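# Results of the structural survey
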Number of protein chains: 2
Amino acid sequence: MVRGKIQIKKIENTTSRQVTFSKRRSGLFKKAHELSVLCDAQVAAIIFSQKGRLYDFASSDIQKTIKRYAEYKGEYFVAESHPTEQYVQGLKKEMVTMVEKIEMLEVHNQKLMGKSLAFCSLKELQEIATQIEKSLHIVRSRKAKLYEDEVEKLKAKGRELKDERVRLSGRVGEEPSGMPMPSGSKEKEDVETDLSIGFPKTRS
Amino acid sequence: MVRGKIQIKKIENTTSRQVTFSKRRSGLFKKAHELSVLCDAQVAAIIFSQKGRLYDFASSDIQKTIKRYAEYKGEYFVAESHPTEQYVQGLKKEMVTMVEKIEMLEVHNQKLMGKSLAFCSLKELQEIATQIEKSLHIVRSRKAKLYEDEVEKLKAKGRELKDERVRLSGRVGEEPSGMPMPSGSKEKEDVETDLSIGFPKTRS
DNA sequence: TATGCTATTTATAACCT
DNA sequence: TAGGTTATAAATAGCAT
């Protein structure tokens, strides 16, 4: 005889609570079963009692249902934190390509540096030598060009300093107090260049 | 107005079935909730509709409930096809390292081949030139060694052929019908070597 | 497709054995 | 602790909107 509505809050009386648990549990499972049959749905229910005992119901294989649940959540709800297997396969493929490229480059590098030549044929060695000779030529040209530019820059700097000195001596008097300036000498520019080479280093 | 008891079997009318599904589903979840509160139990329910849509209820965290279930049963419900974000981050980090390595190797390669020198300092150019010179020296030595070995092998072959001819001529008679054999000549070995160089090619 | 209504079925709280 | 009884609350089938 139900005396009135019950409040949905924890039943404090242990005996009542256990009885209610047992009855409502079977009620819930019955409803779950009916739902699955009436509506052709896949239903699973898991209950842990307060004491930690497990009760479960599933309209079909509960493991399959839970797996399906995990996959569903993985695909649609937490997609960002669960990349697909396909995506990872793509990454791995890329990595294989990269590893191959690294190996290829390393071998090439080694050969260009005169290492790991033990298994090279004469013909291959000839090709490498030709390549290296070509490289050496280019690098030397570039070095020469850079050196030339440097020298040119320093010469310009030297001329600038000379002009400055001339202007200064003009203002102070007829006799410049600094080093005497040779004039008309063919060697002059070279001498000044040599001096100037040291200048930027002591300045900077 | 309920006209009478219903049979617990699949509702054939689609509309009715969907309405019943919706109503009974919320009824089930309500019962599940009440059970969890009244009896202090941990309750989870998973429903897949006929169309494959997921509905779930859990009195606490459903993942925890499923995990507890898995532990209780001693089974795992990992969605195999979904690698963890952490794993993918690891892969990506590796890839970044590999990309850096490739770039480094490519730059080094380019420099060894006399390319992309535009931004090299004089000092760097000097280092590259030194490296290339060293490489060239090694490659040339190796080439020389290989060539020497080849010549040595061919000379041995030449001597072998000479011995063979001597043996053959001894059997046929005093006069060998082949080419006459010069002897005591200083040029002899070189001549034979030159001949022999062509031999393996025509044979193989 | 969802929500409201209501007659009726179903679940169940309290009690009993 | 389990199962049965019963008065009552709750759920819900069929219909309407």
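In this report, the structure presented in the accompanying data block is examined.

Conventions we followed
- Residues numbered from 1 in each chain as written.
- Chains lettered and ligands numbered in written order.
- Predicted model: local features only at pLDDT ≥ 70, side-chain atom pairs only at ≥ 80, totals over all residues.
- Heavy atoms only, no water.
- Core = buried A, V, L, I, M, F, W, Y, C linked by side-chain atoms within 4.5 Å.
- Buried < 20%, exposed > 50% of the residue type's maximum accessible area, 1.4 Å probe, protein only.
- Helix = DSSP H or I, 4+ residues; strand = E, 2+ residues; numbered from the N terminus.
- Pairing = 2+ DSSP bridges.

### Some remarks on the nonpolar core
Ranked by internal contacts, the top residues of the largest apolar core, which has 28 residues, are Val43 and Ile47 of chain A together with Val43 and Ile47 of chain B. Looking at this core, the elements that each hand over two or more residues are helix 1 (14–39), strand 1 (42–48) and strand 2 (54–58) of chain A together with helix 1 (14–39), strand 1 (42–48) and strand 2 (54–58) of chain B. Ranked by size, the runner-up nonpolar core spans 22 residues in total, among them Met113, Leu125 and Val139 of chain A together with Leu117 of chain B.

### Re unusual backbone geometry
Residue and element names in this part refer to chain A. Positive phi, normally seen in glycine, also occurs at aspartate 40, with a value near 55°. Here aspartate 40 is to be found in the loop between helix 1 and strand 1. The backbone phi angle of serine 116 is positive, close to 55°, even though this residue is not glycine. Looking at the secondary structure, you find serine 116 in the loop between helix 3 (85–112) and helix 4 (122–172). Exposure remark for serine 116: the relative accessible area of 51% places this residue in the exposed category.

### A few points about the pairing of strand 1 of chain B
Among the seven residues of strand 1 of chain B, seven are classified as buried, and the element is accordingly described as predominantly covered. Covered by surrounding structure in strand 1 of chain B are Gln42, Ala44, Ile46 and Phe48 of chain B together with Val43, Ala45 and Ile47 of chain B, the residues of both alternating faces. In the sheet, strand 1 of chain A pairs with strand 1 of chain B via seven bridges, with the strands oriented antiparallel. In the sheet register, phenylalanine 48 of chain A faces strand 1 of chain B, and the bridge partner there is glutamine 42 of chain B. Sheet topology places strand 1 of chain B next to strand 2 of chain B; five bridges connect them, and they run antiparallel. The partner of isoleucine 46 of chain B across the bridge, within strand 2 of chain B, is aspartate 56 of chain B. The hairpin formed by strand 1 of chain B and strand 2 of chain B contains five residues between the paired strands, and glycine 52 of chain B there has a positive phi angle of roughly 95°.

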